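Listed here are the chains, written in short residue letters.
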Amino acid sequence: MKFKKRSDVTVPAKVKKAKKIRTPFAKYMILVTKIVVIIILAATLTLTAIIGGAIIGYIKSAPLITADQLQLKGQTTIFYDLKGKEIAKLTGSDNIDRIMVED
(Lines give C-alpha, C1' and ligand atoms only; values in the text may rest on other atoms or scores of the structure.)
Protein backbone atom coordinates (compact mmCIF):
# COMPACT_ATOMS: atom_id res chain seq x y z
CA MET A 1 0.00 0.00 0.00
CA LYS A 2 1.40 3.32 -1.05
CA PHE A 3 0.72 6.46 0.94
CA LYS A 4 0.69 9.90 -0.60
CA LYS A 5 2.80 12.67 0.80
CA ARG A 6 1.01 15.40 2.61
CA SER A 7 1.96 17.91 -0.05
CA ASP A 8 0.43 15.75 -2.79
CA VAL A 9 -3.00 15.67 -1.19
CA THR A 10 -5.36 18.40 -2.30
CA VAL A 11 -7.98 19.68 0.06
CA PRO A 12 -11.32 20.41 -1.56
CA ALA A 13 -12.72 23.91 -1.24
CA LYS A 14 -15.20 24.50 1.56
CA VAL A 15 -18.56 23.14 0.72
CA LYS A 16 -21.42 25.42 1.65
CA LYS A 17 -24.01 23.74 3.78
CA ALA A 18 -27.61 24.25 2.91
CA LYS A 19 -29.25 26.62 5.38
CA LYS A 20 -32.18 25.32 7.30
CA ILE A 21 -35.27 27.31 6.59
CA ARG A 22 -36.95 28.24 9.86
CA THR A 23 -40.47 29.41 10.19
CA PRO A 24 -41.18 32.63 12.08
CA PHE A 25 -42.72 30.58 14.89
CA ALA A 26 -39.53 28.50 15.24
CA LYS A 27 -37.41 31.66 15.34
CA TYR A 28 -39.72 33.12 17.99
CA MET A 29 -39.54 29.96 20.13
CA ILE A 30 -35.74 29.91 19.93
CA LEU A 31 -35.62 33.54 21.02
CA VAL A 32 -38.04 32.93 23.90
CA THR A 33 -36.04 29.88 25.02
CA LYS A 34 -32.81 31.88 25.03
CA ILE A 35 -34.40 34.68 27.04
CA VAL A 36 -35.85 32.23 29.59
CA VAL A 37 -32.47 30.50 30.02
CA ILE A 38 -30.74 33.86 30.53
CA ILE A 39 -33.35 34.92 33.12
CA ILE A 40 -33.01 31.63 35.00
CA LEU A 41 -29.20 31.91 35.02
CA ALA A 42 -29.35 35.52 36.22
CA ALA A 43 -31.80 34.61 39.01
CA THR A 44 -29.66 31.65 40.07
CA LEU A 45 -26.50 33.76 40.22
CA THR A 46 -28.30 36.51 42.14
CA LEU A 47 -29.70 34.10 44.73
CA THR A 48 -26.32 32.40 45.09
CA ALA A 49 -24.66 35.77 45.72
CA ILE A 50 -27.31 36.77 48.29
CA ILE A 51 -27.12 33.47 50.18
CA GLY A 52 -23.31 33.41 50.01
CA GLY A 53 -23.13 36.97 51.34
CA ALA A 54 -25.49 36.11 54.18
CA ILE A 55 -23.40 33.10 55.16
CA ILE A 56 -20.15 35.06 55.04
CA GLY A 57 -21.72 37.88 57.08
CA TYR A 58 -22.97 35.43 59.69
CA ILE A 59 -19.57 33.76 59.96
CA LYS A 60 -17.76 37.09 60.36
CA SER A 61 -20.18 38.37 63.00
CA ALA A 62 -20.41 35.15 65.03
CA PRO A 63 -18.70 35.19 68.44
CA LEU A 64 -15.57 33.08 68.90
CA ILE A 65 -16.00 29.70 70.58
CA THR A 66 -13.57 28.67 73.30
CA ALA A 67 -12.54 25.14 74.25
CA ASP A 68 -14.37 25.51 77.59
CA GLN A 69 -17.66 26.09 75.79
CA LEU A 70 -17.29 22.79 73.93
CA GLN A 71 -17.03 20.69 77.09
CA LEU A 72 -20.21 19.27 78.57
CA LYS A 73 -20.61 20.46 82.16
CA GLY A 74 -23.37 20.10 84.70
CA GLN A 75 -25.37 17.60 82.74
CA THR A 76 -27.48 15.75 85.26
CA THR A 77 -30.50 13.54 84.56
CA ILE A 78 -33.19 13.57 87.22
CA PHE A 79 -36.04 11.02 87.37
CA TYR A 80 -39.37 11.95 88.98
CA ASP A 81 -42.37 9.84 89.95
CA LEU A 82 -46.00 10.68 89.13
CA LYS A 83 -46.30 12.98 92.16
CA GLY A 84 -43.20 14.97 91.14
CA LYS A 85 -40.97 13.48 93.83
CA GLU A 86 -37.35 12.96 92.84
CA ILE A 87 -36.55 9.24 92.49
CA ALA A 88 -32.99 9.22 91.18
CA LYS A 89 -30.31 11.58 90.01
CA LEU A 90 -27.72 10.50 87.46
CA THR A 91 -24.59 12.56 87.18
CA GLY A 92 -21.85 12.09 84.62
CA SER A 93 -19.00 10.99 86.87
CA ASP A 94 -21.04 8.56 89.02
CA ASN A 95 -22.92 6.68 86.32
CA ILE A 96 -20.49 6.17 83.50
CA ASP A 97 -20.24 2.69 82.03
CA ARG A 98 -17.38 3.00 79.62
CA ILE A 99 -16.29 0.09 77.50
CA MET A 100 -12.96 0.56 75.81
CA VAL A 101 -12.92 -0.59 72.22
CA GLU A 102 -9.61 -1.24 70.51
CA ASP A 103 -9.12 -1.46 66.77
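All of these numbers come straight from a predicted model, not from anything done at the bench. Residue positions within a chain follow its written sequence, with the count starting from 1. For a predicted model such as this one, the threshold for reporting local features is a pLDDT of at least 70, and the threshold for listing and counting side-chain atom pairs is 80 or more; totals across whole chains, interfaces and linings nevertheless cover every residue. Side-chain measures here rest on the full set of heavy atoms in the structure, leaving out hydrogens and waters.

Draft legend 1. The overall build of the protein chain, seen in detail. For the purposes of this entry, the term helix denotes a DSSP run of H or I that reaches at least four residues, the term strand denotes a run of E that reaches at least two, and both are numbered from the N terminus. The secondary structure content of the protein chain amounts to two helices and two strands. Its helices and strands in sequence order give the protein chain the pattern α-α-β-β, from N to C terminus. Burial here depends on accessible area, computed with a 1.4 Å probe over protein chains only, as a share of the maximum for the residue type. Under 20% is buried, over 50% is exposed, and the range in between is partly exposed. Counting across all 103 residues of the protein chain, residues that qualify as buried make up 0%. Accessible areas in this description were obtained via Shrake-Rupley with a 1.4 Å probe; residue shielding takes into account the shown protein chains only. Accessible surface computed for the protein chain: about 11,300 Å², of which carbon and sulfur atoms make up 64%.

Draft legend 2. The arrangement of a positive patch on the surface in detail. Each patch is built from salt-bridge-free residues with over 30% relative accessible area, joining like charges within 9 Å and nonpolar side chains (Val, Leu, Ile, Met, Phe, Trp, Tyr) within 5 Å. Salt bridge, as used here: a side-chain nitrogen of Lys or Arg that lies within 4 Å of a carboxyl oxygen of Asp or Glu. We score Asp and Glu as negative and Lys and Arg as positive, and we do not count His or the chain ends. Lys charges are placed at NZ, Arg charges at CZ, Asp charges at CG and Glu charges at CD. Judged by side-chain charge, Lys 19, Lys 20, Arg 22, Lys 27 and Lys 34 come together as a positively charged surface patch. Mapped onto the elements of the fold, Lys 34 is located in helix H1 (residues 24-61).

Draft legend 3. View of the pairing of strand E2 (residues 86-91). Pairing of strand E1 (residues 76-80) with E2, which is carried by five bridges, proceeds in the antiparallel orientation. Pairing of Phe 79 across the sheet is with Ala 88, part of E2. One bridge is not enough; two strands pair if DSSP finds at least two bridges between them.

Draft legend 4. Up close: the confidence of the model for the protein chain. A score between 0 and 100, pLDDT records how confident the predictor is in each residue. Here the protein chain averages 83 in pLDDT, and 77% of its residues register 70 or above. Ranking the elements of the protein chain by mean pLDDT puts helix H2 (residues 67-70) last, at 82, and H1 first, at 96.

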